[in-house]
Amino acid sequence: MVYDRDQAFGGAQLTQLIVRQYGFSPEEAESKKRSGEMPEDYESAVLRPFVENMAQEIGRALQFFFTSTPHNRVDHVMLAGGSSSLPGLTEAVTAQTSFNCQVLNPFDGMEIASGVKESKMRREAPSYLSACGLAMRRFLQ
């Protein structure tokens, strides 16, 4: 890895857009966002424009990388965080940047204990990248 950058946008901004668009309270918007119980026009009015904006921001971050380093290409764009698994995001990033894009799952290759709700864990896995990395440092010492 030669470049790593946190972007200051994501789930909180999406929740704010939902609040403004539909008049929900922030708590209600967050709950509906997580459960998928959104109004019928959510995908076209809120989600798709938000995903396109995220892809453009990632494209801008890559342009900054190219102009501030001697590098002019990347092998992969890897997404993590709660919003990284939004529908259509990897495709939008690939279209915007022309680079292969994937969502990271820090649990890939790990055995999952029987008491873990696997569907929830897989859905939220990209949110736990930093926590898994910090936890695994203990094993590398």
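Going by the structure above, here's the rest.
My aim in this report is to walk through the structure given alongside it, one point at a time. Quantities reported herein were computed from a predicted structural model and do not represent experimental measurements.

1. Comments concerning the overall build of the chain
Helix and strand counts for the chain come out as 6 helices and 2 strands. Of the regular secondary structure in the chain, the N- to C-terminal order runs α-α-α-β-α-β-α-α. Across its three principal axes, the chain shows a C-alpha extent of roughly 45 × 45 × 20 Å. For the chain, buried positions account for 30% of its 141 residues. Restricting to contacts in the chain with at least 6 residues of sequence separation, those with at least 24 account for 54%.

2. Overview of the packing of aromatic side chains
Under the definition given, this model contains 4 aromatic pairs. Each ring, one from phenylalanine 107 and one from tyrosine 128, has its centre 6.2 Å from the other, and the planes form 50 degrees; the classification is tilted. Of this pair, phenylalanine 107 sits in the loop between strand 2 (101-103) and helix 5 (118-124) while tyrosine 128 sits in the loop between helix 5 and helix 6 (129-140), and the two are 21 residues apart along the sequence. Grouped by ring-pair contacts, the aromatic residues Phe65, Phe66 and Phe99 constitute a single cluster.

3. Focus: the environment of phenylalanine 139
Within the element layout of this structure, phenylalanine 139 appears in helix 6. Given the relative accessible area of 62%, phenylalanine 139 is considered exposed. Remark: the alpha-carbon pair of phenylalanine 139 and aspartate 4, spanning 135 residues in sequence, is separated by 23 Å.

4. Some details on the packing of helix 1 (residues 11-22) against helix 2 (residues 26-35)
Each pair of packed helices can be described by the angle between their axes along with the distance between the axes. It is the contact of helix 1 with helix 2, at a shortest axis distance of 9 Å, that shows an interaxial angle of 115 degrees. Classified by the angle their axes make, helix 1 and helix 2 are roughly perpendicular. Once helix 1 is placed against helix 2, the crossing between them reads as right-handed. The residues of helix 2 that touch helix 1, namely those facing Gly11, Leu14, Thr15, Ile18 and Val19, are Pro26, Ala29, Glu30 and Lys33. Among the residues forming the contact of helix 1 with helix 2, the class breakdown is 5 nonpolar, 2 polar and 2 charged.

5. A short note on helix 3 (residues 42-68)
For helix 3, with 27 residues, the first-to-last C-alpha span of 38 Å sits near the 39 Å given by 1.5 Å per residue. Arginine 48 marks where helix 3 bends most, by close to 25 degrees; the proline proline 49 follows one to four residues later.

6. Some details on unusual backbone geometry
Positive phi outside glycine occurs at serine 98, with the angle close to 70 degrees. Within the secondary structure, serine 98 sits in the loop between helix 4 (89-97) and strand 2. Relative accessible area serves as the criterion here: at 63%, serine 98 is assigned to the exposed category.

7. Re the pattern of salt bridges
When the charged atoms of two side chains lie near each other, side chains of opposite charge can form a pair. Inspection of every chain in the model, using the stated rule, returns 6 salt bridges. Notably, a salt bridge pairs glutamate 43 with arginine 48, separated by 3.4 Å at the nearest N-O pair. By relative accessible area, glutamate 43 is classed as partly exposed at 47%. When its relative accessible area of 44% is taken as the criterion, arginine 48 is described as partly exposed. One salt-bridge network, in which partners are shared between bridges, spans Glu30, Lys33 and Arg34.

Cut-offs and rules
Residues numbered from 1 in each chain as written. Predicted model: local features only at pLDDT ≥ 70, side-chain atom pairs only at ≥ 80, totals over all residues. Heavy atoms only, no water. Helix = DSSP H or I, 4+ residues; strand = E, 2+ residues; numbered from the N terminus. Buried < 20%, exposed > 50% of the residue type's maximum accessible area, 1.4 Å probe, protein only. Contact = heavy atoms within 4.5 Å. Phe/Tyr/Trp six-rings, centres within 6.5 Å; stacked < 30°, edge-to-face > 60°. Axes fitted to C-alpha atoms, helices over the stretch in contact; angles between N-to-C directions. Parallel < 35°, antiparallel > 145°, perpendicular 65-115°, else oblique. Left-handed = near helix turned anticlockwise from the far one by under 90°. Nonpolar A, V, L, I, M, F, W, Y, C, P; charged D, E, K, R; others polar. Expected span 1.5 Å × (residues − 1). Bend = angle between axes of the 7 residues up to and from the residue. Salt bridge = Lys/Arg side-chain N within 4 Å of Asp/Glu carboxyl O.

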